[in-house]
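# Coordinates in review
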Amino acid sequence: LQKEQQQVAALADNLPGIAAHVDRNLRYLYASRGHEAAYGLEPQAIVGRPMIDVLGDEAFGRIEPYARRALAGEQVSWENPVQLAGGGLAWRWTTFIPARQAGAAVDGFFILEIDITAQHQAEEDYRTLFQSMLDGFALHEIILDAQGTPVDYRFLAVNPAFERMTGLAAAQVIGKTIREVLPNTEQEWIDRYGQVALTG
C-alpha cells in the first residue's frame with residue numbers, strides 16, 4: 001500500500017499541472033508539487049486546510065458550485081481564470097472527479113488542473129484578427145444530402161468586414177443557410193465550397 005501511494009504521488013507530482021484530493025468537508029487531503037509553481041504554495045502548506053482558506057473567498061465562491069456537483073457524483077470541467085501569486089492572470093482547465101471508496105458513496109473529489117493560458121491567448125489573438133482584418137471572412141458549415149453531395153451551407157460566423165462588403169449583418173445570417181439568405185445563389189458556389197470542405 002505504501003509503495004502504491006508513493007507511485008500515485010510521483011505520478012501526480014509530475015503531471016503538467018496540479019492535482020489534489022479534497023474530502024466531503026472541502027478540506028485538502030493531498031496537494032501535488034505543481035501548486036508551488038502555479039500558486040506559490042507548498043503542498044505541506046495546503047494539506048489539512050479548508051479550500052476557502054487556501055483559495056480565498058472570491059475564488060472559492062466561483063468554484064464552490066462545481067465542488068457541490070462533484071460531491072453529488074458528477075464529474076465537471078470548466079475554464080478557470082486564476083490570479084497568479086506574482087500578479088497576472090492565467091487560464092486553467094479544471095476538472096473535479098468524484099472520489100469513492102470501493103463503490104461506496106462519494107466521500108470527496110479529485111482535482112486536476114491544466115494550464116491553458118497559451119491556448120487561451122491564441123484564441124484571443126485569433127478573435128482579434130477575425131474582428132479587425134480588412135478582408136471579409138465567413139465560416140460556413142457544409143450541408144450534405146443523403147448521398148453525401150453538398151446541397152447548401154450554413155453561416156456560423158462572419159466578421160465586420162464581411163458585413164461592410166456584402167451589406168449582410170451577422171444577425172441576419174448566422175445560423176441560416178445560403179439558400180435562405182440568398183435564394184438565387186448558383187449551385188457552382190456550393191459545389192466549390194463543398195469540395196474544399198470535403199477534400200481539404
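Located above this text is the structure these notes cover.
Note that this is a predicted model, so its numbers are computed, not measured. (Residues numbered from 1 in each chain as written. Predicted model: local features only at pLDDT ≥ 70, side-chain atom pairs only at ≥ 80, totals over all residues. Heavy atoms only, no water.)

## Brief notes about the overall build of the chain
Condition: Where helices and strands are cited, they refer to DSSP runs of H or I of at least four residues and of E of at least two residues respectively, numbered from the N terminus. Exposure categories follow from relative accessible area, calculated using a 1.4 Å probe and restricted to protein chains: below 20% of the type maximum is buried, above 50% is exposed, and the middle band is partly exposed. The charged-residue count follows a simple rule in which Lys and Arg add positive charge and Asp and Glu add negative charge, with His and chain termini not counted at all. Where a charge sits is defined by one atom per residue type, namely NZ (Lys), CZ (Arg), CG (Asp) or CD (Glu).
A count of helical and extended segments in the chain gives 9 helices and 7 strands. With the principal axes as the frame, the chain shows a C-alpha extent of 70 × 40 × 30 Å. Relative to its full complement of 200 residues, the chain shows a buried share of 30%. Of note, the chain has its 16 positive side-chain charges centred 5 Å away from the centre of its 26 negative side-chain charges.

## Remarks on helix α9 (residues 187-199)
Rules: In this scheme, a helix's expected span is set at 1.5 Å multiplied by one less than its residue total.
Compared with an ideal rise of 1.5 Å per residue, which puts 13 residues at 18 Å, α9 spans 18 Å between its outermost C-alpha atoms and is within 8% of the ideal. Directly after α9, the chain includes G200, whose backbone phi takes a positive value near 80 degrees.

## Side note on a nonpolar patch on the surface
Selection rule: Like charges are joined within 9 Å and nonpolar side chains (Val, Leu, Ile, Met, Phe, Trp, Tyr) within 5 Å, but only among residues with over 30% relative accessible area and no salt bridge; these make up the patches. Areas reported here follow the Shrake-Rupley algorithm with a probe of radius 1.4 Å; residue values treat only the protein chains shown as occluding. Every case where a carboxyl oxygen of Asp or Glu lies within 4 Å of a side-chain nitrogen of Lys or Arg is listed as a salt bridge.
A cluster of nonpolar residues, Y126, F137, L139 and L156, forms a patch on the protein surface that exposes about 360 Å² of accessible area. You can see L156 is positioned in strand β7 (residues 150-158).

## Thoughts on the sheet that holds strand β3 (residues 76-83)
Rules: In short, DSSP must find at least two bridges between two strands for them to pair. The axes are straight lines fitted to the C-alpha atoms, using for helices just the contacting stretch, and the angles between their N-to-C directions are given from 0 to 180°. The contact criterion used is simple: two residues touch if any of their non-hydrogen atoms lie within 4.5 Å.
If you walk across this open sheet you meet the 5 strands as β2-β1-β5-β4-β3, and the pairing is antiparallel. Sheet topology places β2 (28-31) and β3 at the edges, where each strand pairs with a single neighbour. When strand polarity is set aside, the average angle formed by the axes of neighbouring strands in this sheet is 25 degrees. Against the sheet, helix α5 (residues 117-132) engages β3, β4 (89-100) and β5 (106-115), with an angle of about 125 degrees to β4.

## Some thoughts on the pairing of β5
Note: strand β1 (residues 17-23) against β5, 7 bridges, orientation antiparallel. Paired with V22 across the strands is F109, a residue of β5. Here β4 pairs with β5 via 9 bridges, running antiparallel. When the bridges of β5 are listed, T94 appears paired with E113.

## Quick notes on the side chain of T177
Locating T177 in the fold gives a position in the loop between α7 (170-173) and α8 (178-181). Taking relative accessible area as the criterion, T177 reaches 8% and is therefore assigned buried.

## Side note on unusual backbone geometry
With a phi close to 60 degrees, L26 is a non-glycine residue in the positive phi region. By secondary structure assignment, the location of L26 is in the loop between β1 and β2. The exposure class assigned to L26 is buried, which follows from its relative accessible area of 6%.

## Concerning the side chain of E113
Using the following cut-off: Any pair of N or O atoms that falls within 3.5 Å is considered a polar contact. Within protein, one atom must be able to donate a hydrogen and the other to accept it, and sequence-neighbouring residues count only if both atoms are side-chain atoms.
Note that E113 resides in strand β5. At a separation of 3.0 Å, a polar atom in the side chain of E113 contacts the side chain of T94. The contacts of E113, once residues within four sequence positions are left out, are G17, I18, Y39, N80, R92, W93 and T94.

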